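Survey of secondary and tertiary structure
Read off the chains here:
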Protein chains: 2
Amino acid sequence: MPTLNYSKQRQAILDHLQSRKDHPTAEMIYHTLRKSMPNLSAGTVYRNLGLLTELGQVKKLTGLDGVDHYDGDVSAHSHFICQCCGKVDDVFFDADALLNEKAAEHYDGSITSHHVYFYGTCKACLKNKKEK
Amino acid sequence: MPTLNYSKQRQAILDHLQSRKDHPTAEMIYHTLRKSMPNLSAGTVYRNLGLLTELGQVKKLTGLDGVDHYDGDVSAHSHFICQCCGKVDDVFFDADALLNEKAAEHYDGSITSHHVYFYGTCKACLKNKKEK
DNA sequence: AAAAAATTAAGAATGATTACTGTTTTTTAT
DNA sequence: ATAAAAAACAGTAATCATTCTTAATTTTTT
């Protein structure tokens with residue numbers, strides 16, 4: 001397996017992702033970073049997000065809109081997807097540790113982690129609906 | 001919105017999906033059904049799986065391997081993804097009702113449902129590793 | 001049984017992601 | 001510090017799941 005060398009691009013991707021609180025796609029990251037790194041390549045963004053995910057430095061969110069999103073916050077938390085506007089929010093709550101245990105009682109493999117996706121309507125969309 | 005008429009193809013897709021306990025992709029379903037319906041079209045499978053998902057008759061599983069999988073069992077349960085072989089198992093456990101409540105305490109939108117993905121190593125892969 | 005509406009088959013189009021190729025950075029070893 | 005080796009890059013082509021389009025077929029309605 002290949003050794004991981006330093007690269008300006010990978011560092012920029014990680015820094016940028018950690019600096020924002022939302023959950024951008026590779027394409028969004030690419031477009032934003034391109035302003036300061038005009039010849040950044042899209043492939044580089046995809047490849048490095050993949051590497052960073054393997055290293056556990058970022059988290060890849062798949063059950064959303066078909067496109068992969070990324071989260072620079074790797075602490076244990078869940079995600080909320082608004083079925084109205086599609087936005088992705090963080091949900092912090094402490095049942096996390098319990099879940100693996102609970103699940104282990106009902107499954108005979110080895111469970112090491114989990115991810116919870118919540119669905120519903122976000123605050124902004126709720127407000128919007130009322131106004132109509 | 002369009003009225004939903006009966007179609008042999010849609011019925012076959014639903015019946016087939018409900019008859020199996022695993023979580024096939026659209027492509028897998030297409031290949032299997034094609035044996036008995038030689039001119040079934042792939043687009044038809046994709047479109048009907050989408051419709052059936054909207055109707056809540058089947059469940060679409062996204063956070064897996066990049067390809068959408070489908071579940072004919074729509075009762076409340078979680079899924080386990082083996083990081084070794086990629087297989088998807090069902091996990092039945094009763095914390096489901098609690099989760100929405102717990103999460104609601106930490107989020108100010110309206111949460112209506114959730115889906116939990118567990119990750120780890122399945123029984124078969126655990127056994128495999130020991131033998132090496 | 002004829003008209004209207006919905007669905008299909010088949011294949012083209014899309015779009016996110018991955019793979020490839022030649023060049024540039026980064027590391028290693030002198 | 002510098003030359004060789006390894007890894008990463010940019011740019012572009014290729015892939016592959018999924019969606020879209022169109023004309024033909026089924027299903028429903030009258």
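Here the structure is a predicted model, which is why all the values come from computation and not from measurement. (Residues numbered from 1 in each chain as written. Chains lettered and ligands numbered in written order. Predicted model: local features only at pLDDT ≥ 70, side-chain atom pairs only at ≥ 80, totals over all residues. Heavy atoms only, no water.)

**So, the overall build of chain A**
The following threshold applies: Under the DSSP-based scheme used, a helix requires at least four consecutive residues in state H or I and a strand at least two consecutive residues in state E, with every element numbered from the N terminus. For every accessible area listed, the method is Shrake-Rupley and the probe measures 1.4 Å; residues are considered covered only by the protein chains on display.
If you tally the helices and strands in chain A, you get 5 helices and 5 strands. Across chain A, helices and strands are ordered from the amino to the carboxyl terminus as α-α-α-β-β-β-β-α-β-α. Total accessible area on chain A stands at roughly 7,600 Å², and carbon and sulfur atoms take up 52% of it.

**Structural notes on helix H2 (residues 26–36) of chain B**
All names here are of chain B. Let me state the cut-off plainly: Per-residue accessibility, obtained with a 1.4 Å probe over protein chains only, is compared with the maximum for each type, and a residue is labelled buried under 20%, exposed over 50%, and partly exposed between these values. Directions pointing from the helix axis toward each C-beta atom define the arc. Every residue pair with non-hydrogen atoms within 4.5 Å of one another is taken to be in contact.
For H2, the full list of buried residues reads Ala26, Ile29, Tyr30 and Leu33. Across the axial projection of H2, the buried residues extend over an arc of 100 degrees, all falling on one side. Where H2 is buried, its residues meet helix H1 (8–19), helix H3 (42–54) and strand E2 (69–71).

**Observations regarding the relation of the copies chain A and chain B**
This is how it is decided: We place the copies in one frame by least squares, fitting the C-alpha atoms of every residue whose pLDDT is at least 70 in both.
Laying chain A over chain B is done by rotating through 180 degrees and shifting 0.0 Å along the axis; what remains is an RMSD of 0.1 Å. In symmetry terms, the pair is related by a two-fold rotation axis.

**Some words on the domain arrangement of chain A**
Residues and elements named next belong to chain A. Selection criterion: Either an automatic procedure or a domain database provided the assignment from which the domain bounds are taken. The buried area of a pairing is the accessible area, by a 1.4 Å probe, that goes missing from both parts when the two are put together, added over both. Salt bridges are defined as contacts in which a side-chain nitrogen from Lys or Arg sits within 4 Å of a carboxyl oxygen from Asp or Glu. Two N or O atoms count as a polar contact when they lie within 3.5 Å, although within protein this holds only if one can serve as hydrogen donor and the other as acceptor, and sequence-adjacent residues are included solely when both atoms are side-chain atoms. Amino acid classes used here: Ala, Val, Leu, Ile, Met, Phe, Trp, Tyr, Cys and Pro are nonpolar; Asp, Glu, Lys and Arg are charged; the rest, including Gly, are polar.
Taken as a whole, chain A is organised into domain 1 (8–71) and domain 2 (78–131). The C-alpha centroid of domain 2 is placed 22 Å from the C-alpha centroid of domain 1. At the junction of the two partners, domain 1 supplies 8 residues and domain 2 supplies 9 residues. Across the domain 1/domain 2 interface, buried area totals approximately 630 Å², and carbon plus sulfur atoms make up 55% of it. Summed over the three residues of domain 1 that lose the most area to domain 2, namely His23, Leu61 and Leu64, the buried surface amounts to 56% of that side. At the boundary of domain 1 with domain 2, the tally comes to 0 salt bridges. Here domain 1 and domain 2 share 5 residue pairs in polar contact (both at pLDDT 80 or more) between them. Across the side of domain 1 that touches domain 2, the residue classes tally to 2 nonpolar, 3 polar and 3 charged.

**Examining the protein's contact with DNA strand D**
We count it as follows: Residues are classed as near a molecule or strand on a simple rule: at least one heavy atom within 4 Å of it.
With respect to spatial proximity, 18 residues lie near DNA strand D, and among them Ser7, Gln9, Asn39, Thr44 and Arg47 of chain A are the closest. Expressed as a percentage, the sugar and phosphate content of the atoms of DNA strand D within 4 Å of the protein is 88%. Between DNA strand D and the protein, one listed contact pairs a phosphate oxygen with a side-chain N or O atom of asparagine 48 of chain A at 3.2 Å. Backbone polar atom of aspartate 68 of chain B to a phosphate oxygen of DNA strand D: 3.0 Å apart, as the coordinates give it. Those elements that provide at least two residues to the surface near DNA strand D are helix H1 (8–19) and helix H3 (42–54) of chain A. The element that contributes the greatest number of residues to the surface near DNA strand D is H3 of chain A, accounting for 3 residues.

**A short note on the protein's contact with DNA strand C**
All names here are of chain B. As a matter of local geometry, DNA strand C sits amid 18 residues, with Asn5, Ser7, Asn39, Thr44 and Arg47 nearest to it. Counting only atoms of DNA strand C within 4 Å of the protein, the fraction found in sugar and phosphate groups is 86%. One of the backbone nitrogen or oxygen atoms of asparagine 5 is found 3.0 Å away from a phosphate oxygen of DNA strand C. Between serine 41 and DNA strand C, the recorded distance is 3.0 Å, taken from a backbone N or O atom to a phosphate oxygen. When contributions to the surface near DNA strand C are tallied by element, the ones reaching two or more residues are H1 and H3. Take the surface near DNA strand C: its biggest share by element is 3 residues, from H3. In the surface near DNA strand C, the residues fall into 5 nonpolar, 9 polar and 4 charged.

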